[in-house]
Amino acid sequence: MKKSEEEISAPAASVINPNDEDIRFIDLRVDYAFKRVFATPGNEELLKMLIDSILPDLHVRTLTLGNQENMGDSPDGKKTVFDIRATTGDGETVVIEMQLAEKKNFNDRLVYYSTYPIREQVRGGDRKYQLTPLYIIAIMDFCMGGGRTTDSVINTFCLRNDSDISKTLTDNVHFVTVELPKFRKEVSDLNSLADRMIWLLRNMGSLKSIPEEFHDKGLEKLFDISNFTAMTYEEQMDYLAKFHAELDRAAELEAAIDKGNELGRTVGREEGREEGREEGRKEKAIEDATKLKAAGVSLDIISQCTGVPMDILESL
């Protein structure tokens, strides 16, 4: 049953942490919140809406949440835990990762994630190498660097021919990035499910009330589940612990980047000074060599004394 704005707004005074009483909705960029909303049994319709907003051409009709934990090939192999893993009614596998802070080699990490569901497909059934479609979706609160940068918020990558991008090696493995910082629409400019979903992923944690533009848009359940004041005290504490841990990791990363940049500037300045000193030494050597040559000193002796190569001495 749909809740009214008043019901959603009603404060759960007995469970509010007084240090966090200004929090109205949980931040969907935090793993705990993201999984609470989209990876909890019973919330499949919200997950379907999220996938539809990112991959509208997939036309997901139904889906089933899968096992998020993936073990390596050996008992002591590396374990990987996905934020969300689901299978659509048509058999496609969808893996979704929410990443708040940038990590080194994150793009390669996405490729690595794809190996788990690919191997599981081959292990099952009659062991044929015919893959069912796999989508690895990364929702990131940072932008991709290097030659992969585009102006688009959502980008899809697959294995293509370098000389003819219309030819693909396989059409069954796709990597999708959702770069939240590139989404700059104001709430009044939202005109699609994709717009509204991506806007909430970026801004839910800072909302104090439900924007008028979201009324009667089919997202009431999302706001209900994200309502911090309606959570139990234990749930609030769990969320806050995860939230502050994410902030700490992001701050540590930013500090490391700043330290690295400063170290780079320091090294650069020192290298520049050393290059200047080296250039000065070369100029002084040539100046001395010129004087010695004019005085009739043999080129061999001049080269030994000044370090100036013979070919340069001959041209002086």
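Since the structure is predicted, the reported quantities are computational estimates derived from the model, not experimental observations.

Draft legend 1. Fine view of the packing of aromatic side chains. Summed over the entire model, instances satisfying the criterion amount to 10 aromatic pairs. Centre to centre, the rings of Tyr32 and Tyr239 are 6.2 Å apart; their planes meet at 50 degrees, and the pair counts as tilted. Pair noted here: Tyr32 is in helix α2 (residues 31–38) and Tyr239 is in helix α7 (residues 233–294), with a separation of 207 residues, a long-range link. This pair shows no difference in class: Tyr32 is buried, exactly as Tyr239 is. For the ring pair Trp199 and Phe214, a centre distance of 5.6 Å and an interplane angle of 35 degrees mean the geometry is tilted. Of this pair, Trp199 sits in helix α5 (residues 193–203) while Phe214 sits in the loop between α5 and α6 (220–225), and the two are 15 residues apart along the sequence. Phe214 matches Trp199 in its accessibility class, with the two residues each being buried. Each member of the aromatic cluster is reached from another via a ring pair, and the members are Phe25, Trp199, Phe214 and Phe223. Sitting above the plane of the Tyr116 ring, Arg119 keeps its charged end 4.8 Å from the centroid.

Draft legend 2. Region of interest: the side chain of His174. Relative to the assigned elements, His174 resides in strand β8 (residues 173–179). Of the residues examined, His174 reaches a relative accessible area of 8% and is grouped as buried. In this structure, His174 is in contact with Leu134, Tyr135, Ile136, Thr156, Phe157 and Cys158, ignoring residues within four places of it in sequence.

Draft legend 3. Spotlight on the packing of α2 against helix α3 (residues 44–54). The geometry of α2 relative to α3 is characterised by a closest axis approach of 7 Å and an angle of 110 degrees between their N-to-C directions. When the interaxial angle is binned, α2 and α3 end up roughly perpendicular. The segment α2 lies against α3, with Phe34, Val37 and Phe38 engaging Leu46, Leu47 and Leu50. Class assignment of the residues belonging to the contact of α2 with α3 gives a composition of 6 nonpolar, no polar and no charged.

What counts as what
Residues numbered from 1 in each chain as written. Predicted model: local features only at pLDDT ≥ 70, side-chain atom pairs only at ≥ 80, totals over all residues. Heavy atoms only, no water. Phe/Tyr/Trp six-rings, centres within 6.5 Å; stacked < 30°, edge-to-face > 60°. Helix = DSSP H or I, 4+ residues; strand = E, 2+ residues; numbered from the N terminus. Buried < 20%, exposed > 50% of the residue type's maximum accessible area, 1.4 Å probe, protein only. Lys NZ or Arg CZ within 6 Å of the ring centre and 35° of its normal. Contact = heavy atoms within 4.5 Å. Axes fitted to C-alpha atoms, helices over the stretch in contact; angles between N-to-C directions. Parallel < 35°, antiparallel > 145°, perpendicular 65-115°, else oblique. Nonpolar A, V, L, I, M, F, W, Y, C, P; charged D, E, K, R; others polar.

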